[in-house]
Amino acid sequence: MAAAEIRLLTDRDAEAYWKLRLEALQQEPESFSESAEEHQQTTMESAVERLTADPDNFVFGAFQQGQLVGMAGFFRYQIAKARHKGRIWGVYVRGTCRGQGTGRELLVELLMRIKARPGIEQVSLTVVGGQEAAKILYRSLGFETYGVEPRGLKVGDRYFGNEHMALLITK
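Residues numbered from 1 in each chain as written. Predicted model: local features only at pLDDT ≥ 70, side-chain atom pairs only at ≥ 80, totals over all residues. Heavy atoms only, no water.

J.: Mind showing me how you'd approach the overall build of the protein here?
T.: Each helix and strand in the protein was counted, giving 5 helices and 7 strands. Viewed in the frame of its principal axes, the protein has a C-alpha envelope of about 40 × 35 × 35 Å. Considering the protein as a whole, with its 171 residues, one finds that 43% of them fall into the buried category. Of the accessible surface of the protein, which amounts to about 9400 Å², a share of 51% is contributed by carbon and sulfur atoms. (Helix = DSSP H or I, 4+ residues; strand = E, 2+ residues; numbered from the N terminus. Buried < 20%, exposed > 50% of the residue type's maximum accessible area, 1.4 Å probe, protein only. Areas by Shrake-Rupley, 256 points an atom, 1.4 Å probe, with all protein chains shown as cover.)

Structure representation (structure tokens):
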């Protein structure tokens, strides 16, 4: 399969983004804090708002043959003492598109934009226990584990640990 087209999502991508986010939550409920049911309560307007151009909060998408197949978001902390940090969230690549480098391409582009933002010195993310491919990818990009939260998520009657990882950005 050809390399994916990676680009910043805009309000024009809101419907595709909303649907892919729902797919992610349904297919991998143990990988995200938000549930599919909670997401279904959100509006298309909220998706548009999330994707509206904001230099410190954005979502990148991976497209194959014009279809959104992957996404990764970023937000910068707004409080004064934490503005030097941001967080990657909602990383997902459709199952049929995994193992092709799409996740790596997506994160490389996302990190390039993050590093271009003035004043951001550190970016963090959380990966759920058992997601070994994701952990390997994050480590290969320079992320290091700084803690593990046991029982970080509860899905039904099952618990999942959260591994917290950070990347220091040198400028």
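J.: Mind showing me how you'd approach the sheet that holds strand β5 (residues 122-128) here?
T.: Two modes of strand pairing occur in sheets, parallel and antiparallel, and in both the strands are linked by backbone hydrogen bonds. The strand order β1-β2-β3-β4-β5-β7-β6 describes an open sheet built from 7 strands, whose pairing is mixed. For this open sheet the edge positions go to β1 (5-8) and β6 (144-155), each flanked by a neighbour on one side alone. When strand polarity is set aside, the average angle formed by the axes of neighbouring strands in this sheet is 25°. One ladder, built from 3 bridges, connects strand β4 (residues 85-93) with β5; its direction is parallel. Within β5, the position partnered with Lys 85 by the bridge is Gln 122. The strands touched by helix α1 (residues 14-27) are β2 (57-64), β3 (67-76) and β4; relative to β3, the strand with the most contacts, the crossing angle is about 90°. Sheet strands in contact with helix α4 (residues 102-116) are β1, β2, β3, β4, β5 and β7 (158-168), and its direction is about 150° off that of β2. (Pairing = 2+ DSSP bridges. Axes fitted to C-alpha atoms, helices over the stretch in contact; angles between N-to-C directions. Contact = heavy atoms within 4.5 Å.)

J.: What should I look at first to understand the environment of Leu 8 in this one?
T.: Mapped onto the elements of the fold, Leu 8 is located in strand β1. Residue class for Leu 8 comes out partly exposed when judged on its relative accessible area of 27%. The spatial distance from the C-alpha of Leu 8 to the C-alpha of Glu 34 is 22 Å, given a sequence separation of 26 residues. Excluding its chain neighbours within four sequence positions, the residues that come into contact with Leu 8 are Asp 13, Phe 58, Val 59, Phe 60 and Arg 113.

J.: What's the story with the pairing of β6 in this structure? I'm lost.
T.: Regular strands place their side chains on alternate faces of the sheet. Judged by how many residues are buried, β6 sits mostly at the surface: 1 of 12 residues are covered. Inspection of the sheet shows β6 paired to β7 by 8 bridges, in the antiparallel sense. By the bridge assignment, Val 148 is partnered in β7 with Glu 163. The hairpin formed by β6 and β7 contains 2 residues between the paired strands, and Gly 156 there has a positive phi angle of roughly 65°.

J.: Please explain the pairing of β7 as it appears in this structure.
T.: Of the strand pairs in this sheet, β5 and β7 are connected by 7 bridges, and their pairing is antiparallel. Residue pairing across strands places Val 128 opposite Asn 162, the latter belonging to β7.

These results come straight from atomic positions and should not be treated as a statement about function.
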